Amino acid sequence: MVWWEAVLSPALQVLFDKLASGDILELLRRWNINDLLLEKLKIAYFTCTVVLDDAEEKQYFNPAIQTWLDMLKDAVCEAEDALDFLATEALRCKVELSPQSLSNQVRNKNFLANNFSPYDEGMNVKIEKIIEKLEFIAKQKGILGLESSGKGIHGMMHRTPTTPLVVESCIYGRENEKEDIINLLLADDGTNNQGFSVIPIVGMGGIGKTTLAQIVYNDKRIDEAFDVKAWACVSDDFNSINITKALLESSTAKPCDTMNLELLQRGLKQTLNKKRFLIVLDDVWNENFENWNELSISFMDGDPRSRIIVTSRNEGVLRVMKALPAYRLKELSDTQCWLLFQDHTLENEDSEKYLSLRQIGREIVKKCQGLPLAVKMLGGLLASKLDAVYWNQVLNSNLWDLPQKKNSILPSLRLSYHHLPPNLKRCFAYCSIFPKGYEFERKNLVLLWMAEGFVQPGAKISMEEVGDEYFSELLSRSFFQESALNRSRYVMHDLINDLAGSVSRISCVRQEENWQREHLEWSEKVHHFSYISQQI
Ligand SMILES: Nc1ncnc2c1ncn2[C@@H]1O[C@H](COP(=O)(O)OP(=O)(O)O)[C@@H](O)[C@H]1O
Ligand SMILES: [Mg+2]
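Because the structure is predicted, anything quoted here is derived from the model rather than measured.

Explain the site of ligand 1 here, please?
Near ligand 1 you find 20 residues, and of these Tyr172, Gly206, Thr210, Thr211 and His493 are the closest. Within the contact set of ligand 1, a nitrogen atom lies 2.8 Å away from a backbone nitrogen or oxygen of tyrosine 172. With respect to ligand 1, the side chain of lysine 209 contributes an N or O atom lying 2.8 Å from an oxygen atom. A class-by-class count of the residues in the shell around ligand 1 yields nine nonpolar, seven polar and four charged. Here the shell around ligand 1 spans two domains, since at least three of its residues come from each of domain 2 (175-328) and domain 3 (353-532).

Structure representation (structure tokens):
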């Protein structure tokens, strides 16, 4: 099977295959696990999943379908857990019973012959219940009007050529904006009585605020003018301890292991003392005045020409910071968006041959409304299949018509997710356990996917290599991006993190430090949980 041809749960498919192998089947029989039940489970499962494509698209227009999908995902996770348990136990017994096994020599040699079964009835009942659930779910297909797509869009996708590193595409436009910000940073006036000035860059998510701050931060003139530079990614959680720590580590380029605010403040204050510093607080949301006071204590004794760039989607935060007037970042022009789109799709393709694609592409780019993030995501998606029918399908998708509320997921991002091959959908949705701005390593994420059973082994390549290909695919489709601060690590854009949260819904829960039990959105349908702590 080609790796992108899996259905909802690649893990389940692998488990079915594992359990169907001769010697494992034999063990299961001896444990009184009814293999007919396994067959029934398989059929019930496939009966539900044939309408998956249709359900995933229609869920946004019909809450009943969303609930139906939640039920299906939950039942599939339960099935996975049960089969995984069986497969692991069977494997364990196989190893223990092998002639080479030391334990076997001291164990009861008649282990199998005794028909000893640690699971028997309990496990059969469990599987029966899952089948019942799946059969119930399958019955609702018709009532909800779900149809088997039969389009096989996933199966026909050609794989984007993968490279270990995706070279960050060029930055389009922003020359004037860059100069404007640099002038504000280098100007001698504009300081207020705080001893530093706050320069806000404001605009929609995905418009390019962080990118602009980065190109400014890395400019030679800035390096020459400022004594100390520090960058902190703030995101949802305006936590003075974490931000002060991040700034201290960034300015000294050394890790720091205390979480004591007073010590951290003292350290940062010392580093900034009498220096002309540039600090970037990226993606600030919080309007909490006390937190700002707590954080800004460390900035008071610097050179008054010091600057703090704050990027934010929320102008409200700026009142608290006594900031200069906001620098409002505009959308990219159609031409800039088109150039960016081409970078991701038709860059090296001969222009005559792809004339019709260009026309459709231009229409699609217009729908991105000048947001480079949306352009990159759609570019990454459409590059997977240079075919006019497919591109038209994306152009005319119903998902563009979803009502847009404040902070709701952009249709372009939903579309990119919707068209991912199913196994990548799962791998991506799982990433919602990462907090916003979290930097992760490629290898570690692949190992986590493998542990969850999301990675299907290939015929000739190792599981790690297959997982690595999944990663490259998600990277080339801009679901992940290289961290600007540490090139060997990766991050998800905040809006992509929101997308992962929205598609994984109740199955993944993450908790940050200081959570309170009563606030935990816990249900039986939670299958993945992360707890983020600064202290171990
Ligand atoms: N001018 C640009 N040209 C090309 N790509 C851009 C440009 N601005 C932003 N991007 C890309 O768009 C994505 C979103 O940009 P980002 O700066 O993270 O947005 P924001 O911080 O406003 O949410 C990133 O992947 C970035 O590389
Ligand atoms: Mg940003």
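What is the right way to look at the sheet that holds strand β6 (residues 440-441) in this model?
Across a sheet, strands are paired by hydrogen bonds formed along the backbone, either parallel or antiparallel in direction. Spatial strand order, β6-β8-β7: three strands in an open sheet with antiparallel pairing. Since the sheet does not close on itself, it has two edges, and those belong to β6 and β7 (481-482), each with one partner. Relative to strand β8 (residues 489-491), β7 runs antiparallel, the two sharing two bridges. Paired with glutamate 482 across the strands is tyrosine 490, a residue of β8.

How should I be thinking about the sheet that holds strand β3 (residues 277-284) in this particular structure?
Across the sheet, which stays open at both edges, the five strands sit in the order β2-β3-β4-β1-β5 with parallel pairing between neighbours. On the outer flanks of this sheet lie β2 (228-235) and β5 (327-328), each paired with one strand and no other. Strand direction decides the pairing type here: β2 and β3, joined by seven bridges, are parallel. Within β3, the residue paired with cysteine 233 across the bridge is aspartate 282.

The rules behind each value
- In every chain, residue numbers begin from 1 and rise along the written sequence.
- Key to labels: chains lettered from A, ligands numbered from 1, both in the order written.
- The predicted nature of this model means local features are confined to residues of pLDDT at least 70 and side-chain atom pairs, given and counted, to a pLDDT of 80 or more, with totals for whole chains, interfaces and linings taken over all residues.
- Each side-chain value is worked out from all heavy atoms of the structure, with water and hydrogens disregarded.
- Near is defined per residue: the residue qualifies when any heavy atom it owns lies within 4 Å of the molecule or strand.
- Think of a polar contact as two N or O atoms within 3.5 Å of one another; within protein, one of them needs to be a possible hydrogen donor and the other a possible acceptor, and neighboring residues in sequence only count if both atoms come from side chains.
- Each residue is assigned to one class: nonpolar for Ala, Val, Leu, Ile, Met, Phe, Trp, Tyr, Cys and Pro, charged for Asp, Glu, Lys and Arg, and polar for all the others, Gly among them.
- Each domain's limits were defined by an automated method or a database of domain assignments.
- When DSSP finds two or more bridges between a pair of strands, those strands are recorded as paired.
- We count a stretch as a helix when DSSP gives it H or I for four or more residues in a row; a strand needs E for two or more, and each element gets its number in order from the N terminus.

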